[in-house]
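Survey of secondary and tertiary structure
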Amino acid sequence: MRKFEGEKIVLATHNAGKLEEIRGLIGPLGIEVVSAGELGLPEPPENGVTFEENAATKADAASMATGLVALSDDSGIVVDALDGAPGVYTADWAEKEDGSRDFGMAMQKVEDALSEANATEPEQRTARFVSVLCMRWPDGHREYFRGEAEGQLIWPPRGTSGFGYDPVFKPNGYDVTFGEMTAEEKHGWKPGDEHALSHRARAFKLFAETCLDL
Ligand code: IMP
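Note that the structure is predicted; figures quoted are calculated from it, not measured.

**Brief notes about the side chain of R128**
- Take R128: it is sitting in strand β4 (residues 126-136).
- Judged by its relative accessible area of 15%, R128 is buried.
- Within polar-contact distance, the side chain of R128 engages the side chain of D80 at 3.2 Å.
- Not counting the four nearest positions on each side in its chain, R128 is found in contact with G76, I77, V78, D80, E148, A149, E150 and F169.

Structure below.
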């Protein structure tokens, strides 16, 4: 496991919601961050069939373009009644014909698929968010960190916080959705804490412990 010794990281993302979350998580650690989107780097095509493959693709592209250590996140929602869909294709389910993304439409698509599968009872609507972080050094070395958050899909969507599928995801043990939580509540973690709530904060905790000794 390699430690991060530098002062600056490029966040390999063009997703504003993810960027805001990762900035919030990384902020207290005193690392300077710049994002691939802010630098105007092209978004590499995600052709992988695993979260790890796509996370590596994004981190490789940002690290090679900048010469910096890159941190990427590939994530999605895995729905049990849909045999794991949308999974690595979560962002694709939101894609409209003009190339823009509409997560209201994507949440509706998941709901329609659950109705078709007759998944109406809460216990038939189990799902997990997955986040795989990839830290990639300019010499090609990579470290991966995976976080998962278990919960249930609710309908109709609730809350306006967060991004993507947050308004339909109720983590186990809570009566509110991620969309009804503040960013701090959704992470449920700050450096040094024993437990984290969101998939991204869980992966981030592993990253901080492994690469930063926190
Ligand atoms: P990708 O990692 O760029 O392939 O995109 C993953 C997609 O999963 C995002 O566009 C979101 O729709 C969804 N997603 C990942 N993490 C979260 C989250 O924390 N909340 C809500 N949606 C998420």
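**Focus: the sheet that holds β4**
- The six strands lie next to each other as β2-β1-β3-β4-β5-β6, forming an open sheet whose pairing is mixed. The open sheet has two free edges, formed respectively by β2 (32-35) and β6 (169-171), since each of these has just one partner strand. Direction aside, the axes of adjacent strands within the sheet are offset by 35° on average.
- Taken strand by strand, helix α1 (residues 16-26) contacts β1 (8-11), β2 and β3 (69-79), and its axis lies near 120° from that of β3.

**Describing the pattern of salt bridges**
- Applying the stated criterion to the full structure yields 20 salt bridges.
- Among the ionic pairs, E46 bridges to K58, the shortest N-O distance being 3.5 Å. Highlighted residues: E46 in the loop between β2 and α2 (51-66) and K58 in helix α2, separated in sequence by twelve residues.
- Under the relative-accessibility criterion, E46 is labelled partly exposed at 37%.

**Let's talk about the pairing of strand β5 (residues 142-153)**
- Bridging between β4 and β5 involves eleven bridges; their strand directions are antiparallel. Paired with V130 across the strands is E148, a residue of β5.
- Following β4, the chain reverses through five residues before pairing antiparallel with β5; G140 in that reversal takes a positive phi of roughly 100°.
- As paired strands, β5 and β6 are joined by three bridges and run antiparallel to one another. The partner of G151 across the bridge, within β6, is P171.

**Examining the site of the ligand**
- In the region of the ligand, 19 residues are neighbours, and K18, F103, D166, K186 and R200 sit closest.
- Note that an oxygen atom of the ligand is positioned 3.1 Å from one of the side-chain N or O atoms of D74.
- The side chain of K186 places a nitrogen or oxygen atom 2.7 Å from an oxygen atom of the ligand.
- In isolation the ligand has 490 Å² of accessible area, and contact with the protein removes 97% of it.
- Here the shell around the ligand gets four residues from one element, more than from any other, and that element is β3.
- A per-class count over the shell around the ligand returns five nonpolar, six polar and eight charged.

**What to know about unusual backbone geometry**
- That bond from A85 to P86 is cis: its omega, -5°, falls within 30 degrees of zero.
- Residue position: P86 is located in the loop between β3 and α3 (103-116).
- Note the cis peptide between W155 and P156, where omega equals 5°.
- Notably, D83 is not glycine yet its phi reads approximately 55°, a positive angle.
- Relative to the helices and strands, D83 resides in the loop between β3 and α3.
- We classify D83 as exposed; its relative accessible area is 77%.

Definitions and cut-offs
Residues numbered from 1 in each chain as written. Predicted model: local features only at pLDDT ≥ 70, side-chain atom pairs only at ≥ 80, totals over all residues. Heavy atoms only, no water. Helix = DSSP H or I, 4+ residues; strand = E, 2+ residues; numbered from the N terminus. Buried < 20%, exposed > 50% of the residue type's maximum accessible area, 1.4 Å probe, protein only. Polar contact = N/O pair within 3.5 Å; in protein donor to acceptor, adjacent residues only side chain to side chain. Contact = heavy atoms within 4.5 Å. Pairing = 2+ DSSP bridges. Axes fitted to C-alpha atoms, helices over the stretch in contact; angles between N-to-C directions. Salt bridge = Lys/Arg side-chain N within 4 Å of Asp/Glu carboxyl O. Near = heavy atom within 4 Å. Areas by Shrake-Rupley, 256 points an atom, 1.4 Å probe, with all protein chains shown as cover. Nonpolar A, V, L, I, M, F, W, Y, C, P; charged D, E, K, R; others polar.

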